Amino acid sequence: MGINFLTSLAKRTMIQHSKRSFISKNSISRICTNNFKTTTVPTTPSSFSSLFILRKSYSSASSKTQVGFLGWYLGALESRPIITKSVSSAVIYAAADLTSQMITMSPSDSLDIIRTLRMAGFGLLILGTAQHHWFNFMGRVLPNRDIVSTLKKLLMGQLAFGPVINSVFFSFNAALQGENGEEIAARLKRDLLPTMMNGLMYWPFCDFLTYKVIPVHLQPLANSAFAYAWSIYLTYVASLKKAVAV
């Protein structure tokens with residue numbers, strides 16, 4: 001899932017809101033006309049009628065899309081937001097892990113499906129729900145999209161959400177690999193800080209675009225889409241041999 005797909009979803013959402021607003025204004029205008037018996041508006045095309053024709057044309061051209069994947073996905077986000085975001089995260093993390101394995105494996109190796117299921121399980125059971133609540137919380141606390149608000153969200157993500165979700169990620173995967181508490185602690189000590197430092201070269205730019213441009217209900221999807229490239233690296237680190245407890 002790339003930026004083009006996210007942009008299409010964002011445009012689709014804005015068009016739907018715009019269309020609802022236009023229909024609402026049109027309805028109010030007709031009610032006022034009937035109540036006060038005002039003079040009928042001339043049939044000469046106005047800017048509003050031209051806009052309506054343009055939107056009607058767009059609606060006709062995109063009717064197949066409405067009943068296609070985008071329409072289905074937007075409907076699923078509205079009716080079942082958490083499970084939809086969780087499944088999306090699971091698919092992206094599974095794809096990222098398979099990509100990571102194919103990049104690093106030798107010709108004689110075979111895909112580790114159990115490892116891929118671990119990564120998908122993290123997205124399904126933990127990340128989707130965490131993203132849903134985090135981005136909704138950010139949308140309530142800092143609803144504006146100005147530069148200052150966006151930078152505040154970005155900073156809070158780097159200082160709070162990032163360290164917590166990465167710690168849970170490493171712990172979750174280590175536990176599923178049979179590591180005990182001391183070994184998990186040693187892994188976090190070895191891998192967490194370098195991972196966070198490397199993330200500073202990637203995530204601030206991604207987070208800025210997410211908070212500034214993407215609607216709140218699509219932000220978890222944007223975050224997971226950006227996480228595809230990052231997860232190729234992250235799943236590789238998570239699959240490293242256990243660290244030696246000191």
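Small disclaimer: the values here were computed from a predicted structure and weren't measured. (Residues numbered from 1 in each chain as written. Predicted model: local features only at pLDDT ≥ 70, side-chain atom pairs only at ≥ 80, totals over all residues. Heavy atoms only, no water.)

**Some words on the confidence of the model for the chain**
Per-residue confidence for the chain gives a mean pLDDT of 78, with 68% of residues at or over 70. Every residue in residues 31–45 is under pLDDT 50, and counting partners more than four places away or in other chains gives 3 contacts. (pLDDT = per-residue confidence, 0-100. Contact = heavy atoms within 4.5 Å.)

**A short note on the packing of aromatic side chains**
In this description, an aromatic ring pair is defined by two values, namely the gap between the centres and the angle between the planes. Inspection of the entire model under this criterion finds 13 aromatic pairs. Ring geometry for Y202 versus W230: centroids 6.2 Å apart, planes at 10°, classification stacked. Of this pair, Y202 sits in the loop between α8 (181–199) and α9 (203–213) while W230 is found in helix α10 (residues 219–238), placing the two residues 28 residues apart along the sequence. Its relative accessible area of 26% is what places Y202 among the partly exposed residues. Judged by relative accessible area, which is 9%, W230 ranks as buried. Members of the aromatic cluster, joined through ring pairs, are Y93, F122, F169, F170 and F172. (Phe/Tyr/Trp six-rings, centres within 6.5 Å; stacked < 30°, edge-to-face > 60°. Helix = DSSP H or I, 4+ residues; strand = E, 2+ residues; numbered from the N terminus. Buried < 20%, exposed > 50% of the residue type's maximum accessible area, 1.4 Å probe, protein only.)

**Section: empty space enclosed by the protein**
Applying the stated criterion across every chain yields a total of 1 cavity of 30 Å³ or more. There is about 290 Å³ of room inside the largest cavity. For the largest cavity, the lining is made up of 23 residues, of which F161, G162, I165, N166 and W203 are closest to its centre. Elements represented by at least two residues in the lining of the largest cavity include exactly α6 (113–141), α7 (147–176), α8, α9 and α10. Per element, the largest residue contribution to the lining of the largest cavity is 7 residues, and it comes from α7. Here the residues of the lining of the largest cavity sort into 14 nonpolar, 8 polar and 1 charged. (1 Å grid on protein atoms, 1.4 Å probe; cavity = no way out; pocket = protein on both sides within 12 Å on 5 of 7 lines; lining within 4 Å. Points joined across faces, edges and corners; volume = space filled by probe spheres on them. Nonpolar A, V, L, I, M, F, W, Y, C, P; charged D, E, K, R; others polar.)

**Regarding the environment of G139**
As for its position among the elements, G139 is in helix α6. Considering only alpha carbons, one finds G139 and V216, 77 residues apart in sequence, at a separation of 6.5 Å.

**Concerning the packing of helix α5 (residues 81–104) against α6**
Contact geometry of α5 with α6 gives a least axis separation of 7 Å together with a crossing angle of 145°. Here the hand of the crossing between α5 and α6 comes out right-handed. Among the residues making up the contact of α5 with α6, the classes are represented as 12 nonpolar, 11 polar and 3 charged. (Axes fitted to C-alpha atoms, helices over the stretch in contact; angles between N-to-C directions. Left-handed = near helix turned anticlockwise from the far one by under 90°.)

**Focus on α6**
Along its 29 residues, α6 runs 40 Å from first to last C-alpha, staying within 8% of the 42 Å computed at 1.5 Å per residue. At L127, α6 shows its largest kink, close to 40°. For α6, the N-terminal capping position is held by D112, with its side-chain oxygen 3.3 Å away from the main-chain nitrogen of I114. (Expected span 1.5 Å × (residues − 1). Bend = angle between axes of the 7 residues up to and from the residue. Polar contact = N/O pair within 3.5 Å; in protein donor to acceptor, adjacent residues only side chain to side chain.)

**Side note on the nonpolar core**
Residues Y93, F122, W134, F169, F170, W203 and L234 are the most contacted members of the largest nonpolar core, which totals 22 residues. Contributing elements (two or more residues each) for this core: α6, α7, α8, α9 and α10. Once you skip the residues sitting within four places of it in the chain, Y93 turns out to touch M119, F122, L127, F169, A227, S231 and L234. Counting residues in each nonpolar core, the second largest holds 7 residues, with L77, I214, L221 and A222 among its members. (Core = buried A, V, L, I, M, F, W, Y, C linked by side-chain atoms within 4.5 Å.)

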